[in-house]
Structure formats: C-alpha cells, structure tokens
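Listed below, chain by chain, are the residues.
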Amino acid sequence: MTTSVGFDLDMTLADTRSGIAAVYDELSRLLGVEIDSRAVVSRLGPPLELELANWLPEAEIPAAVTLFRKIYPELAVPATTAMDGAHDAIAAVRRGGGRVIVVTGKNVHDARRTVSWLGLEVDEVVGSVFGAAKGTALASFGAAAYVGDHVADIEAARAGGAFSVTVATGPYTVGELRDHGADVALGDLTEFATWFGDWRQA
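Here we summarise the structure given alongside this text.

So, on to the environment of P57. Locating P57 in the fold gives a position in the loop between α3 (48-52) and α4 (61-75). Along the chain, P57 and G135 lie 78 residues apart, while their C-alpha atoms are 31 Å from each other.

The phi torsion at M11 lies on the positive side, around 65°, for a residue other than glycine. Along the chain, the position of M11 falls in the loop between β1 (5-7) and β2 (14-15). We note that S128 has phi near 60°; this positive angle belongs to a residue other than glycine. Along the chain, the position of S128 falls in the loop between β5 (124-126) and α7 (135-141). For S128, a relative accessible area of 48% translates into the label partly exposed.

Right, let's talk about the layout of surface pockets for a bit. Estimates place the volume of the largest pocket at around 460 Å³. As for the largest pocket, its lining consists of 30 residues, of which D10, G45, P46, P47 and L48 are closest to the centre. Listing elements by their share of the lining of the largest pocket, those giving two or more residues are α1 (17-31), α3 and α4. No other element matches the four residues that α3 contributes to the lining of the largest pocket.

Turning our attention to the side chain of T104. Here T104 is to be found in the loop between β4 (100-103) and α6 (108-118). For T104, a relative accessible area of 2% translates into the label buried. In this structure the side chain of T104 is engaged in a polar contact, spanning 3.0 Å, whose partner is the backbone nitrogen of K106. In contact with T104, other than residues within four places in its own chain, are D8, L9, A111, V126, G127, S128, V129 and K134.

So, on to the packing of α1 against α4. When two helices pack together, their arrangement is given by the angle between the helix axes and by the axis-to-axis distance. Relative to each other, α1 and α4 sit at 130°, their axes nearing to 9 Å. With respect to each other, α1 and α4 are oriented oblique. Note that α1 runs across α4; the crossing there is right-handed. Mapping the contact onto sequence places G19, I20, A22, V23, Y24, E26, L27, L30 and L31 in α1 and A64, L67, F68, I71, Y72 and L75 in α4. Per-class residue counts for the contact of α1 with α4 are 13 nonpolar, one polar and one charged.

Take α4 next. The end-to-end C-alpha separation of α4 is 20 Å, in line with the 21 Å expected for 15 residues at 1.5 Å each. Along α4, the residues classified as buried are I61, A64, V65, F68, I71 and Y72. For α4, the secondary structure elements touched by its buried residues are α1, α3 and α6.

Criteria and cut-off values
Residues numbered from 1 in each chain as written. Predicted model: local features only at pLDDT ≥ 70, side-chain atom pairs only at ≥ 80, totals over all residues. Heavy atoms only, no water. Helix = DSSP H or I, 4+ residues; strand = E, 2+ residues; numbered from the N terminus. Buried < 20%, exposed > 50% of the residue type's maximum accessible area, 1.4 Å probe, protein only. 1 Å grid on protein atoms, 1.4 Å probe; cavity = no way out; pocket = protein on both sides within 12 Å on 5 of 7 lines; lining within 4 Å. Points joined across faces, edges and corners; volume = space filled by probe spheres on them. Polar contact = N/O pair within 3.5 Å; in protein donor to acceptor, adjacent residues only side chain to side chain. Contact = heavy atoms within 4.5 Å. Axes fitted to C-alpha atoms, helices over the stretch in contact; angles between N-to-C directions. Parallel < 35°, antiparallel > 145°, perpendicular 65-115°, else oblique. Left-handed = near helix turned anticlockwise from the far one by under 90°. Nonpolar A, V, L, I, M, F, W, Y, C, P; charged D, E, K, R; others polar. Expected span 1.5 Å × (residues − 1).

So, in structure tokens, the structure goes:
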C-alpha cells in the first residue's frame with residue numbers, strides 16, 4: 001500500500017486565523033467596508049472569492065482579491081503558527097516511507113510561503129483548489145489518504161480515491177465529520193501519528 005498522504009493547509013497543518021483576520025481588518029479599512037473578521041475565520045476553507053461575496057458586490061470582488069493577496073504575505077504569514085501535531089504528522093508519514101503533498105484552497109504562492117515559514121517538510125504544494133477539485137492533485141500524487149478539517153475535504157479524498165482523514169480543528173466537530181462520511185475523525189493532528197502507524201499495519 002502506498003503511504004503517501006495529502007494534507008489541507010488552513011486549520012489542518014497551519015493555524016492561519018490571526019493572520020487572516022489581520023488581512024481582512026486591513027482590507028476593511030482600505031476599502032471602507034465593514035467585514036467581520038471573527039466571522040470569517042470561524043469558517044475558513046472555501047475560496048477567497050466566496051468569502052468576499054458575503055461583504056462586497058460581485059463587481060468589486062476581483063480587485064479585492066488582488067488587494068488581499070498583496071497584503072497577505074506581510075500581515076498573515078508571520079502571524080501563522082503550526083497546528084499542534086503538524087510536524088509530527090508529516091514526520092510519521094516520512095518514517096513510513098511516504099511522501100507528503102499539501103493541497104489547499106489558498107493560492108499556491110501564499111501556500112508555499114506558509115509552508116516555508118512553518119518549516120513543514122513537504123514534497124509538493126498545490127493551491128487554488130477546493131472540495132472535489134482537489135481530487136486530481138491527490139490522484140496524480142498517489143496519495144493514499146487526505147487529511148483535512150472541512151467537510152469539503154471529505155469530498156476531496158473521495159474524488160482522489162484516497163482515505164478520508166479529518167481533524168476537528170476547523171468549523172466541524174468529530175461527530176459532524178463522521179456524519180458527513182469521513183473514514184476517520186480525529187480530535188487534532190496530535191492523534192495522527194498513532195492512527196497512521198496502526199492504519200499502515202492493518
């Protein structure tokens with residue numbers, strides 16, 4: 001069995017809440033539009049354009065996306081921290097002879113900056129994909145499992161022919177993730193290494 005694993009980024013490997021909130025607060029100031037950054041970071045996962053649609057007219061979204069991405073490296077990346085267990089989870093995959101891919105809705109440039117900032121030892125980063133659209137990257141990489149915090153990551157695993165592993169560090173509880181069809185639901189990534197070792201031996 002291949003032991004390569006895919007991981008989501010925001011709220012799976014990386015706690016991006018403080019940084020993303022800071023970017024939205026600055027975007028709110030620059031655009032003169034009220035944006036509730038606490039509400040935004042409570043539901044991280046979907047593409048940037050979909051979140052901005054909650055706050056801006058459709059015609060203004062492309063320019064806001066450009067401005068957001070201009071601000072992001074300086075404000076968000078330095079405020080990002082690794083989720084508990086993130087480094088150990090990646091190390092467990094490597095000890096098992098597997099490779100690691102990050103597949104995320106975040107644009108690939110900021111995703112790579114985040115991975116580099118956190119010192120995460122991954123083999124590949126694919127960005128700007130969400131839900132089932134992640135499946136192509138997972139299948140091409142040969143990922144046996146995909147780990148994420150969102151119900152859309154369950155769809156991603158299914159689309160990529162991978163085992164769906166979820167962590168309740170995003171907007172959903174362990175029970176909710178199970179109810180949505182995850183093959184396994186963990187409290188957080190600190191539980192991953194033990195689970196992965198058992199799964200490899202099964």
